[in-house]
Amino acid sequence: MTADSTVTEPIATTIVADIAIVGGGLAGSLAASVLARAGHRVALVDKRAVHPEEFRVEKIGGRQLEMFRKLGFIDGLASAACRYDRVLNVREGRVVDVSVGQAYGLPYADLVAMARRQLPDPSSLIVDEVTAIDCSDDIQHLALASGRRLEARLVVLATGMAGALGYKLGIKRHVLAERHSVSFGFTIARRDGAPFDFEALTCYGERTADGVDYLSLFPVRAGMRANLFMFRDPTDPVMRELRRDTEATLLRLLPGLRPFLGDFRVTDRVQNWVMDLSVVEGHLRPGVVLIGDAFQTNCPAAGTGVARLLVDVERLCAEHAPRWLATAGMGTEKISQFYSDPDKIAADQQSLKMARFRQALTSRNDIGWDVRRRLHFLRRSLTHRVDQMRPGWLAQVRSALRA
Ligand SMILES: Cc1cc2nc3c(=O)[nH]c(=O)nc-3n(C[C@H](O)[C@H](O)[C@H](O)COP(=O)(O)OP(=O)(O)OC[C@H]3O[C@@H](n4cnc5c(N)ncnc54)[C@H](O)[C@@H]3O)c2cc1C
């Protein structure tokens, strides 16, 4: 017997968990933390130890904050992000209104890192790629690129827009609107080094032909972040101009911005993203459930992606999954409860509705939408003026009562 023949193949390690979460973006990392905090054995698998600096959601506010609070992530968010409370909303060089309310700006990678830091045991994060899933009514078997294997009762697919794994399970993406929107992300600063005169600003598009929905400016630690959302053919030459000569192209598309920005420059790489609206089909499988972008993509301009994924995480992790794990089996009768959850369905539908509304409000130029657009901004601006006058009215009423 030669020395070589005595060497046995190393037995690939098998990791055992209650729940295997594939994909550690925002949806997967939040879900893993919520489930692990509740005492479940969780394995969160992602290809990368640190999420790359990809352009995704960069601001959290409004009702999203209530969900972050409910799920126990609000302190983590507040300590990782830049807070702002007032957004000046402008159009055609004039103030439409001012939005008042707590909001936070931060790079997506920092948001994901924050969610992962909330894992009670950091070793729950496995840096690897899931290459195959064998699912059944009982135990799910996952193959990892390293050769390791993972066994779990439930698999949560949170793989974002990457569809390869789902495809192998027979889950397909149905494209509802190809190249629905285009988004740009970059950071700006004033050339004289002075701060901008606003905390945050939203500037709405002026002409339907430009296809500009709005430019959102908000603080992040690196400076003033800009998110530009458009509904326009991604092959249009203006896309290249926006990447190459961002400052001039922006002012050409939004001339009313000039007085608010002064002389400014872009301080980092301009990132852009073309988004298809899509939803999965054939997803009802035993032992596997899809959340976040893995289930449905969202229009960035509508700002509903995070609201949707937070509903997914809350409904799955606080309600359905703990109940499923309490009894034997993981058949489709259990999994279907999540997909038919009224809150989930409402959030998914609202996201698609908002995507279509923003596109129409931005670029439809028929008379009906033209009137609707004018009324939309007129109503906002009148409400704002009445709100501003209100203290004066109250003072008048008070002095009349005193007289
Ligand atoms: C440009 C842009 C701007 C946006 N702006 C907003 C906004 O203003 N407001 C808003 O609410 N939403 C916005 N969104 C939407 C929001 O960012 C997404 O809904 C959200 O990031 C989706 O998170 P996720 O966890 O589902 O997917 P992702 O963050 O994409 O995470 C998927 C993860 O899965 C991992 N993965 C994939 N396959 C495997 C595998 N086989 N094995 C292991 N790991 C794997 C990847 O590495 C990745 O980490 C925006 C999106 C874009 C593209």
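From a predicted model like this one, the values you see are computed outputs, not experimental measurements.

1. Looking at helix H8 (residues 246-253)
An α-helix turns once every 3.6 residues. As a result, residues three or four positions apart point the same way.
Alright, step 1. Counting buried residues along H8, six of its eight residues qualify, which places the element largely inside the surrounding structure.
Alright, step 2. For H8, every residue scored as buried is listed here: Thr 246, Glu 247, Thr 249, Leu 250, Leu 251 and Leu 253.
Alright, step 3. If you follow the buried residues of H8, they end up packed against strand S10 (172-190), strand S12 (212-220), strand S13 (223-230), helix H7 (237-244), helix H9 (258-261) and strand S14 (264-266).

2. Description of the pairing of S12
Alright, step 1. With respect to burial, S12 is a largely interior element, nine of its nine residues being buried.
Alright, step 2. With four bridges connecting them, strand S11 (residues 200-204) and S12 associate as antiparallel partners. Bridge assignment links Leu 201 to a residue of S12, and that residue is Leu 217.
Alright, step 3. By the bridge criterion, eight bridges tie S12 to S13 in an arrangement that is antiparallel. Residue pairing for S13: Leu 217 is matched across the bridge by Ala 226.
Alright, step 4. Linking S12 to S13, which pair antiparallel, is a turn of two residues.

3. Structural notes on the site of the ligand
Alright, step 1. Taken together, the neighbourhood of the ligand is formed by 35 residues, with Ala 27, Asp 46, Tyr 108, Asp 293 and Val 306 sitting nearest.
Alright, step 2. A distance of 3.0 Å is found between a nitrogen atom of the ligand and a backbone nitrogen or oxygen belonging to Val 130.
Alright, step 3. Asp 293 places a side-chain nitrogen or oxygen 2.7 Å from an oxygen atom of the ligand.
Alright, step 4. When the ligand sits alone it has 1000 Å² of accessible area, and the protein chains cover 96% of it.
Alright, step 5. Of all the elements in the fold, those that place two or more residues in the shell around the ligand are helix H2 (26-37), strand S2 (42-46), strand S15 (271-281) and helix H10 (305-325).
Alright, step 6. With three residues, the single largest contributor to the shell around the ligand is H10.
Alright, step 7. When grouped by side-chain class, the residues that make up the shell around the ligand number 15 nonpolar, 13 polar and seven charged.

4. Structural notes on the environment of Pro 300
Alright, step 1. Along the chain, Pro 300 falls in the loop between strand S16 (288-290) and H10.
Alright, step 2. For Pro 300 and Val 212, which are 88 residues apart along the polypeptide, the C-alpha to C-alpha distance reads 13 Å.
Alright, step 3. Ignoring any residue separated from it by four or fewer positions in sequence, one finds Pro 300 in contact with Ser 181, Ser 183, Tyr 214, Phe 229 and Met 275.

5. Side note on the packing of aromatic side chains
Alright, step 1. Scanning all chains against the criterion turns up eight aromatic pairs.
Alright, step 2. Measuring from centroid to centroid gives 5.4 Å for Phe 196 and Phe 198, while their planes differ by 25 degrees, and the two rings are stacked. Assigned by exposure class, Phe 196 and Phe 198 land together as buried.
Alright, step 3. When the centroid spacing of 6.0 Å and the interplanar angle of 55 degrees are considered together, the rings of Tyr 204 and Tyr 214 count as tilted. Note that Tyr 204 is positioned in strand S11 and Tyr 214 in strand S12, a separation of ten residues in sequence.
Alright, step 4. Look at Tyr 214 and you get buried, because its relative accessible area is 10%.
Alright, step 5. Site record: aromatic cluster; members linked through ring pairs are Tyr 204, Tyr 214, Phe 229 and Phe 377.
Alright, step 6. Over the ring of Tyr 167 we find Lys 172, and its NZ or CZ is 5.9 Å from the ring centre.

6. A short note on the side chain of Ser 181
Alright, step 1. Structurally, Ser 181 is set in strand S10.
Alright, step 2. Those residues in contact with Ser 181 that sit more than four places away from it in its chain are Met 230, Phe 231, Trp 273, Val 274, Met 275, Cys 299 and Pro 300.

7. Here we look at the side chain of Asp 46
Alright, step 1. You can see Asp 46 is positioned in strand S2.
Alright, step 2. A polar atom in the side chain of Asp 46 sits 2.5 Å from the backbone nitrogen of Gly 24.
Alright, step 3. Apart from residues no more than four positions distant in its own chain, Asp 46 is found in contact with Gly 23, Gly 24, Gly 25, Arg 116, Leu 125, Ile 126, Val 127 and Asp 128.

8. As for the domain arrangement of the protein chain
Alright, step 1. Domain parsing of the protein chain yields domain 1 (14-82 + 105-175 + 279-360) and domain 2 (177-274).
Alright, step 2. Using only C-alpha atoms to locate each centre, domain 1 and domain 2 end up separated by 30 Å.
Alright, step 3. In this complex, domain 1 contributes 20 residues to the contact, which on the side of domain 2 involves 22 residues.
Alright, step 4. Carbon and sulfur atoms make up 58% of the area that domain 1 and domain 2 hide from each other, which totals about 1800 Å².
Alright, step 5. It is Phe 55, Glu 58 and Lys 59 in domain 1 that bury the most area against domain 2; as a group they hold 33% of the surface buried on that side.
Alright, step 6. There are two salt bridges connecting domain 1 and domain 2.
Alright, step 7. Among the ionic pairs, Arg 225 bridges to Glu 58, the shortest N-O distance being 2.7 Å.
Alright, step 8. At the boundary of domain 1 and domain 2, one finds nine residue pairs in polar contact (both at pLDDT 80 or more).
Alright, step 9. For the side of domain 1 that touches domain 2, the secondary structure elements donating two or more residues are helix H4 (74-80) and helix H12 (342-363).
Alright, step 10. Looking at the side of domain 1 that touches domain 2, the element that brings in the most residues is H12, giving three residues.
Alright, step 11. Split by residue class, the side of domain 1 that touches domain 2 holds eleven nonpolar, three polar and six charged.

Reading the values: rules and limits
Residues numbered from 1 in each chain as written. Predicted model: local features only at pLDDT ≥ 70, side-chain atom pairs only at ≥ 80, totals over all residues. Heavy atoms only, no water. Buried < 20%, exposed > 50% of the residue type's maximum accessible area, 1.4 Å probe, protein only. Helix = DSSP H or I, 4+ residues; strand = E, 2+ residues; numbered from the N terminus. Contact = heavy atoms within 4.5 Å. Pairing = 2+ DSSP bridges. Near = heavy atom within 4 Å. Polar contact = N/O pair within 3.5 Å; in protein donor to acceptor, adjacent residues only side chain to side chain. Areas by Shrake-Rupley, 256 points an atom, 1.4 Å probe, with all protein chains shown as cover. Nonpolar A, V, L, I, M, F, W, Y, C, P; charged D, E, K, R; others polar. Phe/Tyr/Trp six-rings, centres within 6.5 Å; stacked < 30°, edge-to-face > 60°. Lys NZ or Arg CZ within 6 Å of the ring centre and 35° of its normal. Domains from an automatic or database assignment. Buried area = accessible area lost by both parts, 1.4 Å probe. Salt bridge = Lys/Arg side-chain N within 4 Å of Asp/Glu carboxyl O.

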